[in-house]
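One-letter residues, chain by chain:
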Amino acid sequence: MEVSEFDVQTASQRCEEVIEEIQKAVIADREFLEQVMLGILAGGHVLLEDVPGTGKTLTANSFANAFGLDFTRIQFTPDLLPNDVSGTNIFNDQTQEFEFQRGPIFGNIVLADEINRAPPKTQAALLEAMQEKQVTVEGETRQLPEPFFVIATQNPVEQEGTFPLPEAQVDRFFVKSSLGYPDEGGEVEILNRRLGRMESTPQANQVMDDPEEVLALQEVPEQVRVEQDLVMYLSEICRMTREDHRVRVGVSPRGTQRLLECARAQAVIRGREYVTPGDVKEIAGPVLAHRLVLTAEAQVNDVDKQRIVQDVLDEIPVPTVDAPTA
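All values reported here derive from a predicted model rather than from experimental measurement. (Residues numbered from 1 in each chain as written. Predicted model: local features only at pLDDT ≥ 70, side-chain atom pairs only at ≥ 80, totals over all residues. Heavy atoms only, no water.)

Some details on helix α2 (residues 30-41)
At step 1: Counted at 1.5 Å a residue, the expected span for α2 with its 12 residues is 16 Å, and the 16 Å between its end C-alpha atoms agrees.
At step 2: For α2, a buried count of 10 out of 12 residues is recorded, marking the element as mostly surrounded by other parts of the structure.
At step 3: G43, located one to two residues past α2, shows a positive phi value of around 85 degrees. (Helix = DSSP H or I, 4+ residues; strand = E, 2+ residues; numbered from the N terminus. Expected span 1.5 Å × (residues − 1). Buried < 20%, exposed > 50% of the residue type's maximum accessible area, 1.4 Å probe, protein only.)

Here it is, written out as structure tokens:
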């Protein structure tokens, strides 16, 4: 499919089809699935945090199936080495030459499973890949396939055997979200679905035709208009996080750009050609909260980062943005 064939309405419909297909496999709130879609549509990476067994890995796998993209999985463990992620040069006895053996990072959708169970040195192996979409091994740089997404899962930091992600690593995730436990109806539905099939793990079917269609979908948010008053509103939100007394390090300029990109992607999901303040308020938590570094006092008092973002939103006057005329 050509990029020109996608307008905002078509892209919104395709996003809806993907979410509906994933809901056949994953019992999760629609808001959560939209947040994952938000990160992918904006061309970024998604971090899913929750206790084991809530469906994080199934969610990542289902998105890969629905998009019809090459999928690889890296199971992060304490003994995982950086070369186990990016690949290494191996000597070929027949040719008497070193040949590059690609690591699992060479995929369209890479599931970094339980990423915080590996030590920081191995976690850092993803930094170049996530930012530059390339890896450098022994001085040689290789491009990763397009499109390229990392969907990482992590267990809560309080759990045994976990290493907190470096701040630079966390900042490269466009969105951080959480499934949470299903409600009573959702848990009963999980059991009923299991009764109705032989396999223990459900599967989502392919929705998108090929990688080119996914790349075309990612281009659509660039069509979305953002009024200057709204640009100022986005900037003010991020600057205010740096001035909050509970925050040691606020949202970086990179995070400000991610907020803009995700706001445009949110407008596409909603089928609009322009961003509204409501879009910004809806996504500010999952896009900004994980980027905040709290003061020692705030950490001791167990301050919620989402609460800080909400306080900032409550304090800043909301601009009035009219629907642009054609």
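Some points on the pattern of salt bridges
At step 1: In the structure shown here, the tally under the stated rule is 24 salt bridges.
At step 2: Across the pair E49 and K176 runs a salt bridge whose closest N-O atoms are separated by 3.5 Å. Taken together, the positions of E49 in strand β1 (residues 46-49) and K176 in strand β9 (residues 175-177) put the pair 127 residues apart, joining distant regions of the chain.
At step 3: R270 serves as the salt-bridge partner of E282, at 2.7 Å between the closest nitrogen and oxygen. With E282 in helix α12 (residues 277-288) and R270 in the loop between α11 (253-269) and α12, this pair connects stretches of sequence that are 12 residues apart.
At step 4: By relative accessible area, R270 is classed as partly exposed at 34%.
At step 5: Salt bridges linked by common partners bring E16, R30, E34, R270 and E282 together as one network. (Salt bridge = Lys/Arg side-chain N within 4 Å of Asp/Glu carboxyl O.)

A closer look at the packing of α11 against α12
In a packed pair of helices, the relevant descriptors are the angle between the two axes and the axis-to-axis distance.
At step 1: Between α11 and α12, the shortest axis-to-axis distance is 9 Å and the interhelical angle comes to 130 degrees. Judged by the angle between their axes, α11 and α12 are oblique. At the point where α11 passes α12, the crossing takes the right-handed sense. Counted together, G255, R258, L259, C262, A263, Q266 and A267 of α11 and D279, V280, E282, I283, A284, V287 and L288 of α12 form the full contact between these two elements.
At step 2: Residues of the contact of α11 with α12, tallied by class, amount to 9 nonpolar, 2 polar and 3 charged. (Axes fitted to C-alpha atoms, helices over the stretch in contact; angles between N-to-C directions. Parallel < 35°, antiparallel > 145°, perpendicular 65-115°, else oblique. Left-handed = near helix turned anticlockwise from the far one by under 90°. Contact = heavy atoms within 4.5 Å. Nonpolar A, V, L, I, M, F, W, Y, C, P; charged D, E, K, R; others polar.)

Regarding empty space enclosed by the protein
To find leftover empty space, one rolls a probe the size of a water molecule over the atoms.
At step 1: Taken as a whole, this structure holds 2 cavities of 30 Å³ or more when the rule is applied.
At step 2: There is about 90 Å³ of room inside the largest cavity.
At step 3: Around the largest cavity, the lining residues are E31, E34, Q35, L38, Q266, R270, E282 and I283.
At step 4: Counting only elements with at least two residues in the lining of the largest cavity, the list comes to α2 and α12. (1 Å grid on protein atoms, 1.4 Å probe; cavity = no way out; pocket = protein on both sides within 12 Å on 5 of 7 lines; lining within 4 Å. Points joined across faces, edges and corners; volume = space filled by probe spheres on them.)

Quick word on the sheet that holds strand β2 (residues 71-75)
At step 1: The sheet built from 5 strands is open, its strands ordered β2-β5-β8-β1-β9 with parallel pairing. Bordering the open sheet on either side are β2 and β9, each of which pairs with just one other strand. With direction set aside, neighbouring strand axes in the sheet form an average angle of 15 degrees.
At step 2: Inspection of the sheet shows strand β5 (residues 109-113) paired to strand β8 (residues 149-154) by 4 bridges, in the parallel sense. Bridge pairing links V110 to V150 in β8.
At step 3: Contacting β1, β2, β5 and β8, helix α3 (residues 56-67) crosses the sheet at an angle of about 175 degrees to β5. (Pairing = 2+ DSSP bridges.)

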